[in-house]
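# Overview (structure and organization)
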Amino acid sequence: MEETTLLKLDKVDICREENVILHRASFTLHNGEFVYVIGKVGSGKSSLLKSLYCEIPINQGDAWLLDYNLCKMRRKDIPYLRRKLGIVFQDFQLLTDRSVHKNLEFVLKATGWKKKSEINERINNVLFQVGMQDKGNSKSPGTSSQLYQLREKSFAFIGEPTGNLDPETSGQIVQLLHDICRKGTAVIMTTHNYTLVHNYPARIVKCENACLSDVGE
């Protein structure tokens, strides 16, 4: 697989309410690369992800994601960028009045899927991958609900996906994310779970003292 740069940050500043969260941060990510972002609560992990899908602005520096200039994004272009991303939120973001199957169907239709047969096949495959093939009609989110938004993208942002899960399920989810990565999807995952980082090694980037730095694997 030919290496392609998907994300490049160069001396970026990210601020929240006039507080500098990250200062002169530089970071490059290629296709098929898996990166854990670690750091204490409030160190900037979530703010980093939010800046990449344009929920909060980048104040200084240069930032490119999938050929989009994040520092000069027009509001009307943000939805087009987000459609190219797989974003799994820490706080589920599900439609609570719909079943698991209908939540997935909604996401696929919103991102351009049209044929009902292909939509159903994709949903069944996703549920099978996460061991929930018998939960399609359930309205209960369950502990694996953060995985319902996974779909085939070139880039995925994962916000602390295992925070409320038992160790076995957490391992299965991270293994699934690594499997997806091996097929070419770049993954950035924030986490506090250093056991998972040790058991499923990959590149590690740390947020600390408003800095972003590689700490190896």
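The structure under discussion appears in the preceding block.
My aim in this report is to walk through the structure given alongside it, one point at a time.

The rules behind the values
Residues numbered from 1 in each chain as written. Predicted model: local features only at pLDDT ≥ 70, side-chain atom pairs only at ≥ 80, totals over all residues. Heavy atoms only, no water. Pairing = 2+ DSSP bridges. Helix = DSSP H or I, 4+ residues; strand = E, 2+ residues; numbered from the N terminus. Buried < 20%, exposed > 50% of the residue type's maximum accessible area, 1.4 Å probe, protein only. Salt bridge = Lys/Arg side-chain N within 4 Å of Asp/Glu carboxyl O.

Here we take up the pairing of strand β2 (residues 19–30). Taken together, the 8 bridges between strand β1 (residues 5–16) and β2 define a ladder with antiparallel strand orientation. Each bridged residue has a counterpart across the sheet, and for Leu9 the counterpart in β2 is Phe27. Linking two consecutive strands that pair antiparallel, namely β1 and β2, is a turn of 2 residues; a positive phi of about 50° is found at Glu17 within it.

Before going further, it helps to spend a moment on unusual backbone geometry. Non-glycine residue Arg24 carries a positive phi angle of around 50°. Tracing the backbone shows Arg24 in strand β2. One non-glycine residue with positive phi stands out, namely Cys54, at about 65°. Its place among the elements puts Cys54 in the loop between α1 (45–52) and β4 (60–65). When its relative accessible area of 15% is taken as the criterion, Cys54 is described as buried.

Here the focus is the pattern of salt bridges. Working definition: two side chains of opposite charge can pair if their charged atoms are close together. All chains considered together, the criterion is met by 5 salt bridges. As a salt-bridge pair, Glu33 and Arg203 come within 2.9 Å of each other at their nearest N and O atoms. Here Glu33, found in the loop between β2 and β3 (34–38), pairs with Arg203, found in strand β9 (residues 203–208); they are 170 residues apart in sequence, far enough to count as distant. Among the residues examined, Arg203 registers a relative accessible area of 14% and is labelled buried. We note a salt bridge from Asp214 to Arg203, for which the minimum N-O separation is 2.7 Å. You can see Asp214 sitting in strand β10 (residues 211–216) and its partner Arg203 sitting in strand β9, a full 11 residues away along the chain.

Just geometry here; none of it tells us what the structure is for.
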